[in-house]
Amino acid sequence: MAAHLSYGRVNLNVLREALRRELREFLDKCAGSKAIVWDEYLTGPFGLIAQYSLLKEHEVEKMFTLKGNRLPAADVKNIIFLVRPRLELMDIIAENVLSEDRRGPTRDFHILFVPRRSLLCEQRLKDLGVLGSFIHREEYSLDLIPFDGDLLSMESEGAFKECYLDGDQTSLYHAAKGLMTLQALYGTIPHIFGKGECARQVANMMVRMKREFTGSQNSVFPVFDNLLLLDRNVDLLTPLATQLTYEGLIDEIYGIQNSYVKLPPEKFAPKKQGGSGGKDLPTEAKKLQLNSAEELYAEIRDKNFNAVGSVLSKKAKIISAAFEERHNAKTVGEIKQFVSQLPHMQAARGSLANHTSIAELIKDVTTSEDFFDKLTVEQEFMSGIDTDKVNNYIEDCIAQKHPLIKVLRLVCLQSVCNSGLKQKVLDYYKREILQTYGYEHILTLNNLEKAGLLKAQTGGRNNYPTIRKTLRLWMDDVNEQNPTDISYVYSGYAPLSVRLAQLLSRPGWRSIEEVLRILPGPHFEERQSLPTGLQKKRQPGENRVTLIFFLGGVTFAEIAALRFLSQLEDGGTEYVIATTKLMNGSSWVEALMEKPF
């Protein structure tokens, strides 16, 4: 059991166990010793479901990464390919299988598609002459992966691009499938709300899937009261801004992958006595797992970074006082009690040392002049200052050839905060970017336009000020230490997506009909009927549980804002967050960039 998945109102261990059971059943079908050949992208998400120990119990002896040519030698009876349904991967698998056939003793081959089987892929294997070599061809529906007690992700890196640029709805189908799995485990969700074109399609798919399963009534008592489906393109602004929570900044600077972060090792080297350090510094990146299983991290992850230092120094005093207690332990009983607490105290001290080092690394970045200049420009745009003309700081960044992603984030942010740029401003930026970074990036600029991130203003009207004022997206007096509003996560800007969720909970979307009409895509409400006896009667003072699904990705700052709302005493709603991908502005823009050939 993963303890950090069961602390909330919804025990996500139930989902993890269901996924583990399905994996065990497939492994047991392939009797005898096994080697797994992994699609490299899947190893991270799989690590959150099943560690190597589980695979070992089911006779998995070897694991390889999927690569061309021959497979490494392995004395096993079964070879299982665990892959996403991608045509280019089928070509590599065929190469592997054909070279094995030539090698000698026959092996049993199996293929497990994650999350769905694909007729196109099977046809490709058939064309390459290897389809008949596979004894089992099955699918493993790993749609929603539990990351934490209130967080699920599909980790589908291309979902936003597929939906908004390619018109490919595969990831929406997987989202709907994932929601049906959740309902099978946690009961039918009585109310569905949504905003955006993709949200509408996912809701329609769910209705259709429910009709197809008419034979069986879901008799599980519902855990969730509401489902809110939100399109990422309803709020293009939030991911572009720099996140200012502790977890958000770790992700912005170092990137968190499948709840792990790799950090520069220098800060984590043990302090040597006598100053002979120097040559013994570690060169391997420090890899840390970040989730609420770690007490200190659970406490500071969602705080504004400016409030983290005081928490760490308080913790340091508490821990050193606890260690000092050993001098007061006189009797055998007291010594025994101290010794029993020792492992927990040592873990707390290690955790504090790690987070102090991470905070120092982040502080080096956030106290730099350039970080301050960039943040100032972002905050001016978000509060509506000078969004309609060429920005000097962006010009300087281009002239000094700062990283292209940084420039694109700022230009897109300006465009979104001005409902599109004036044509001559847009043309100027495009010309400067192409002349400085290369003309191959014309394809990337085209993608950003198609996604609505970078565009010319049509009709000469800027709707952003109306949206900003009605939804109170900019707050001047933010208390970063003891916040009273979600705007603390960006030190002034309240994420539009989270404000929509907050207003839906209270007083309801009828109060903001005008703004909902300005934002892209339809808004809707559906009810799903429950069998008699399963209707929920809420106790006085009991909070509603809302599952909020971000179609196209979500940032850690938005997650922090939703957790803040969940913890409000009079909030009335607790949130569980699901998404197609955990992301930040840089990984999002990068996914929209065309790789130069």
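Residues numbered from 1 in each chain as written. Predicted model: local features only at pLDDT ≥ 70, side-chain atom pairs only at ≥ 80, totals over all residues. Heavy atoms only, no water.

1. Some points on the overall build of the chain
For step 1, the next point in the chain: Each helix and strand counted, the chain has 23 helices and 15 strands in total.
For step 2, the next point in the chain: Taking 597 residues into account, the globule formula puts the C-alpha radius of gyration at 25 Å, and the chain, at 26 Å, falls close to it.
For step 3, the next point in the chain: C-alpha atoms of the chain, sized along the principal axes, occupy 75 × 70 × 65 Å.
For step 4, the next point in the chain: For the chain, buried positions account for 53% of its 597 residues.
For step 5, the next point in the chain: In the chain, the share of contacts with a sequence separation of at least 24, taken over all contacts with a separation of at least 6, comes to 79%.
For step 6, the next point in the chain: Charged side chains of the chain number 74 positive and 76 negative; the gap between the two group centres comes to 2 Å. (Helix = DSSP H or I, 4+ residues; strand = E, 2+ residues; numbered from the N terminus. Rg over C-alpha atoms; globule rule 2.2 N^0.38 Å. Buried < 20%, exposed > 50% of the residue type's maximum accessible area, 1.4 Å probe, protein only. Contact = heavy atoms within 4.5 Å. Lys, Arg positive; Asp, Glu negative; His and termini not counted. Charge placed at Lys NZ, Arg CZ, Asp CG, Glu CD.)

2. Points about the sheet that holds strand S10 (residues 256-257)
For step 1, the next point in the chain: Judged by pairing direction, the sheet is antiparallel, and its three strands sit side by side in the order S10-S11-S12 without closing on themselves. The open sheet has two edge strands with one neighbour each: S10 and strand S12 (286-289).
For step 2, the next point in the chain: Bridge count between S10 and strand S11 (residues 260-263): two bridges; the pairing is antiparallel. Considered in S11, the bridge of Ile256 is made with Val261. (Pairing = 2+ DSSP bridges.)

3. Some points on the pattern of salt bridges
For step 1, the next point in the chain: Taken as a whole and judged by the stated rule, the model has 33 salt bridges.
For step 2, the next point in the chain: For Glu157, the salt bridge goes to Arg86, with nearest N and O atoms at 3.8 Å. Of the two residues, Glu157 sits in the loop between strand S7 (151-153) and helix H6 (159-164) while Arg86 sits in the loop between strand S3 (78-83) and helix H4 (87-103), which places them 71 residues apart along the sequence.
For step 3, the next point in the chain: According to the relative accessible area criterion, Arg86 is partly exposed, its value standing at 30%.
For step 4, the next point in the chain: Note that Arg107 is salt-bridged to Glu100, the shortest N-O span being 3.1 Å. Of the two residues, Arg107 and Glu100, neither departs from the other in class, the shared state being buried. (Salt bridge = Lys/Arg side-chain N within 4 Å of Asp/Glu carboxyl O.)

4. Let's talk about the sheet that holds strand S2 (residues 60-65)
For step 1, the next point in the chain: With parallel pairing, five strands are arranged side by side in an open sheet as S2-S1-S3-S4-S5. One side of each edge strand has no neighbouring strand; the edge strands of this open sheet are S2 and strand S5 (134-139). Ignoring strand direction, the axes of neighbouring strands in this sheet form an average angle of 20 degrees.
For step 2, the next point in the chain: Pairing analysis gives five bridges linking strand S1 (residues 34-38) to S2, with the strands arranged parallel. When the bridges of S2 are listed, Val37 appears paired with Phe64.
For step 3, the next point in the chain: Contacts from helix H1 (residues 13-29) reach S1, S2, S3, strand S4 (108-113) and S5, with the element oriented near 170 degrees to S5.
For step 4, the next point in the chain: Strands in contact with helix H2 (residues 40-47) are S1, S2 and S3; relative to S1, the strand with the most contacts, it is inclined by about 110 degrees. (Axes fitted to C-alpha atoms, helices over the stretch in contact; angles between N-to-C directions.)

5. With respect to the environment of Val576
For step 1, the next point in the chain: Turning to its location among the elements, Val576 is positioned in strand S15 (residues 573-579).
For step 2, the next point in the chain: In the structure, Val576 is positioned 424 residues away from Leu152 in sequence and 8.1 Å away in space, judged by C-alpha atoms.
For step 3, the next point in the chain: With near-sequence residues (within four places) excluded, Val576 lies in contact with Val10, Asp150, Leu152, Phe224, Val545, Thr546, Leu547 and Ile548.

6. Quick word on unusual backbone geometry
For residues besides glycine, phi is generally negative; the peptide bonds are generally trans as well.
For step 1, the next point in the chain: Cis geometry marks the peptide bond from Val114 to Pro115; its omega dihedral reads 0 degrees.
For step 2, the next point in the chain: Mapped onto the secondary structure, Pro115 falls in the loop between S4 and helix H5 (119-127).
For step 3, the next point in the chain: The omega angle of the peptide bond from Arg506 to Pro507 is 10 degrees, so this bond is cis rather than trans.
For step 4, the next point in the chain: Considering the arrangement of structural elements, one finds Pro507 in the loop between helix H20 (496-505) and helix H21 (513-518).
For step 5, the next point in the chain: Backbone geometry at Lys401 places phi at a positive 50 degrees, although glycine is not the residue there.
For step 6, the next point in the chain: Looking at where Lys401 falls in the secondary structure, it is placed in the loop between helix H15 (392-399) and helix H16 (404-416).
For step 7, the next point in the chain: Residues other than glycine seldom take positive phi values, yet Ser419 does so here, at roughly 50 degrees.
For step 8, the next point in the chain: As for its position among the elements, Ser419 is in the loop between H16 and helix H17 (423-437).

7. Brief notes about the packing of H15 against H17
For step 1, the next point in the chain: Direction vectors running N to C along H15 and H17 enclose 20 degrees, while the axes themselves pass 10 Å from each other. By the angle between their directions, the pair H15 and H17 is classed as roughly parallel. Crossing handedness for the pair H15 and H17: left-handed. Note on element contacts: H17 touches H15 through Tyr428, Tyr429, Glu432, Ile433, Thr436 and Tyr437, opposite Ile394, Glu395, Cys397 and Ile398.
For step 2, the next point in the chain: Per-class residue counts for the contact of H15 with H17 are seven nonpolar, one polar and two charged. (Parallel < 35°, antiparallel > 145°, perpendicular 65-115°, else oblique. Left-handed = near helix turned anticlockwise from the far one by under 90°. Nonpolar A, V, L, I, M, F, W, Y, C, P; charged D, E, K, R; others polar.)

8. Quick notes on the packing of aromatic side chains
For step 1, the next point in the chain: Per the stated rule, a full pass over the model turns up 13 aromatic pairs.
For step 2, the next point in the chain: Residues Phe109 and Phe134 carry aromatic rings whose centres are separated by 6.3 Å and whose planes lie at 65 degrees to one another, so their mutual orientation is edge-to-face. Note that Phe109 is positioned in strand S4 and Phe134 in strand S5, a separation of 25 residues in sequence. With respect to burial, Phe109 and Phe134 carry one shared label: buried.
For step 3, the next point in the chain: The structure contains a cluster of three or more aromatic residues connected by ring pairs, namely Trp38, Phe46 and Tyr140.
For step 4, the next point in the chain: For Lys287, the ring lying beneath its charged end belongs to Tyr260, and the centroid distance is 4.8 Å. (Phe/Tyr/Trp six-rings, centres within 6.5 Å; stacked < 30°, edge-to-face > 60°. Lys NZ or Arg CZ within 6 Å of the ring centre and 35° of its normal.)

9. Some words on a negative patch on the surface
For step 1, the next point in the chain: Among the surface-exposed residues, Glu25, Asp28, Glu59, Glu61 and Asp75 lie close enough to one another that they form a single negatively charged patch.
For step 2, the next point in the chain: Tracing the sequence through the fold places Asp75 in the loop between S2 and S3. (Patch = residues over 30% accessible without salt bridge, like charges linked within 9 Å, V, L, I, M, F, W, Y side chains within 5 Å. Areas by Shrake-Rupley, 256 points an atom, 1.4 Å probe, with all protein chains shown as cover.)

10. Re helix H13 (residues 332-366)
For step 1, the next point in the chain: Helix length check: H13 (35 residues) gives 49 Å between terminal C-alpha atoms against 51 Å at 1.5 Å per residue, within 8%.
For step 2, the next point in the chain: Along H13, the sharpest change in direction is near 45 degrees and occurs at Leu342; proline Pro343 comes one to four residues later.
For step 3, the next point in the chain: Listing the buried residues of H13 in full gives Phe338, Met345, Ser351, Leu352, Asn354, His355, Ser357, Ile358, Ala359, Leu361, Ile362 and Thr366.
For step 4, the next point in the chain: Against helix H10 (246-253), S11, S12, helix H11 (295-300), helix H12 (308-324) and helix H14 (369-382) lie the buried residues of H13. (Expected span 1.5 Å × (residues − 1). Bend = angle between axes of the 7 residues up to and from the residue.)

11. A few points about the nonpolar core
For step 1, the next point in the chain: Counting residues in hydrophobic clusters, the biggest one holds 168 residues, and the most contacted among them are Leu229, Leu500 and Phe549.
For step 2, the next point in the chain: Top contributing element to this core by residue count: H16, with nine residues.
For step 3, the next point in the chain: The contact partners of Leu500, leaving out residues within four places of it in the chain, are Leu230, Val234, Leu471, Trp509, Ile512, Leu516 and Leu519.
For step 4, the next point in the chain: Ala74, Phe81, Phe113 and Phe134 belong to the second largest nonpolar core, which has 23 residues in total. (Core = buried A, V, L, I, M, F, W, Y, C linked by side-chain atoms within 4.5 Å.)

12. Things to note about the side chain of Ser351
For step 1, the next point in the chain: Along the polypeptide, Ser351 turns up in helix H13.
For step 2, the next point in the chain: Setting aside residues no more than four positions away along its own chain, Ser351 makes contact with Glu294 and Leu296.

So, to be careful, I would describe these as geometric facts and stop short of saying anything about function.
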